[in-house]
Amino acid sequence: MFSDKEFNYISDQDFLLTKRQITEKIIQYLSNLESELKKEIHSSDFDFPDNAFLKAGKISKGENFKGLPYLILDYPRMFSSTSIFAYRTMFWWGNFFSNTLHVKGSALKSLPDTTIQSAYPLFIQTLGDEWDHSLESANAVEQVNLQEILSTEVEFLKISQKIPLSDYGNLPDATIHFLRQILDQ
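Our subject in this report is the structure included herewith.

What counts and what doesn't
- Residues numbered from 1 in each chain as written.
- Predicted model: local features only at pLDDT ≥ 70, side-chain atom pairs only at ≥ 80, totals over all residues.
- Heavy atoms only, no water.
- Helix = DSSP H or I, 4+ residues; strand = E, 2+ residues; numbered from the N terminus.
- Rg over C-alpha atoms; globule rule 2.2 N^0.38 Å.
- Buried < 20%, exposed > 50% of the residue type's maximum accessible area, 1.4 Å probe, protein only.
- Contact = heavy atoms within 4.5 Å.
- Expected span 1.5 Å × (residues − 1).
- Polar contact = N/O pair within 3.5 Å; in protein donor to acceptor, adjacent residues only side chain to side chain.
- Phe/Tyr/Trp six-rings, centres within 6.5 Å; stacked < 30°, edge-to-face > 60°.
- Salt bridge = Lys/Arg side-chain N within 4 Å of Asp/Glu carboxyl O.

1. Notes on the overall build of the chain
Right, so step 1: Along the chain, the regular secondary structure elements total four helices and seven strands.
Right, so step 2: Listing the helices and strands of the chain from first to last along the sequence gives α-α-β-β-β-β-β-β-α-β-α.
Right, so step 3: For 185 residues, the compact-globule formula gives about 16 Å, and the C-alpha radius of gyration of the chain, at 18 Å, lands near that figure.
Right, so step 4: With respect to the three principal axes, the spread of C-alpha positions in the chain is 55 × 35 × 35 Å.

See the structure below:
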């Protein structure tokens, strides 16, 4: 019924206990990151959409994004049936960290005339499944000129920065730098 590999996994308590410890550490890491983002947001004069929630972030977790666990920090965030403005930091087990600006509907008008660059790979998505965070359907780009993209009709816009798991120590600086460009500071 079970292969040797499968039997070893079902017999191994240490893996699941270690996974739980890692998850708790990443939640704390994202919580600390939220504090840093909050400082940036509150010192900014960016004109956030009216219903954007700026008081606190939300950390979500799940076990099955394309079969693997994930954690997401949404801050700032605004999700409605007609508009989205979210800055999302994601940890996807076995894959990468990412920072994503996800904007839809009337919130698209709040974006500044700026160009975004990154030391990490950038991806842009304006078509397809806007809730697919794997970056598989996004296009890799060198930089993103927001007004150039918004001069065409788009239903939504996602700009993502992909950070290898091995660079987790650089995540806070990369996240803040990415946000600053979006806030045009």
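That shown, we press on.
2. As for unusual backbone geometry
Right, so step 1: Note the cis peptide between Tyr75 and Pro76, where omega equals -5°.
Right, so step 2: Positionally, Pro76 belongs in strand S2 (residues 68–79).
Right, so step 3: For Lys66, which is not a glycine, the phi torsion comes out positive at approximately 55°.
Right, so step 4: Positionally, Lys66 belongs in the loop between strand S1 (58–65) and S2.

3. Details of the environment of Ala138
Right, so step 1: With respect to the helices, strands and loops of the structure, Ala138 is situated in the loop between strand S5 (115–125) and strand S6 (139–145).
Right, so step 2: Given a relative accessible area of 13%, Ala138 falls into the buried group.
Right, so step 3: Spatially, the C-alpha atom of Ala138 lies 15 Å from that of Val103, the residues being 35 residues apart in sequence.
Right, so step 4: If we ignore the near neighbours within four places in the chain, the residues touching Ala138 are Phe123, Ile124 and Gln125.

4. Focus on helix H2 (residues 13–42)
Right, so step 1: Between its first and last C-alpha, H2 extends 44 Å over 30 residues, near the 44 Å set by a 1.5 Å rise per residue.
Right, so step 2: Here H2 has its buried residues at Lys19, Thr23, Ile26, Leu30, Leu33, Glu34, Leu37, Glu40 and Ile41.
Right, so step 3: Residues of H2 that are buried sit in contact with S1, S2, strand S3 (83–92) and helix H4 (171–183).
Right, so step 4: Two to three positions downstream of the cap, the backbone nitrogen of Asp14 sits 2.9 Å from a side-chain oxygen, assigning the N-cap of H2 to Asp12.

5. Looking at the packing of aromatic side chains
Right, so step 1: Inspection of the entire model under this criterion finds eleven aromatic pairs.
Right, so step 2: Aromatic side chains Phe46 and Phe48 sit 4.7 Å apart centroid to centroid with 70° between the ring planes, which places their arrangement in the edge-to-face category. Comparing Phe46 with Phe48 shows no difference in burial state: the two are buried.
Right, so step 3: Centre to centre, the rings of Phe65 and Tyr70 are 6.4 Å apart; their planes meet at 75°, and the pair counts as edge-to-face.
Right, so step 4: What makes Phe65 buried here is its relative accessible area of 14%.
Right, so step 5: Here a set of aromatic residues connected by ring pairs shows up, and it is made of Phe65, Tyr70, Trp92 and Phe96.

6. Some details on the pattern of salt bridges
Right, so step 1: A complete count under the given rule lists eight salt bridges for this structure.
Right, so step 2: Between Glu130 and Lys104 there is a salt bridge, with the nearest N and O atoms lying 2.9 Å from each other. Separated by 26 residues along the polypeptide, Glu130 in the loop between S5 and S6 and Lys104 in strand S4 (residues 96–105) bring together distant segments of the chain.
Right, so step 3: Here Glu155 makes a salt bridge to Lys104, at a shortest N to O gap of 3.7 Å. Residue Glu155 is found in the loop between helix H3 (146–150) and strand S7 (156–164), and its partner Lys104 is found in strand S4; the two are separated by 51 residues along the sequence.
Right, so step 4: Each of Lys66, Asp132 and Glu136 takes part in one network of salt bridges that share partners.

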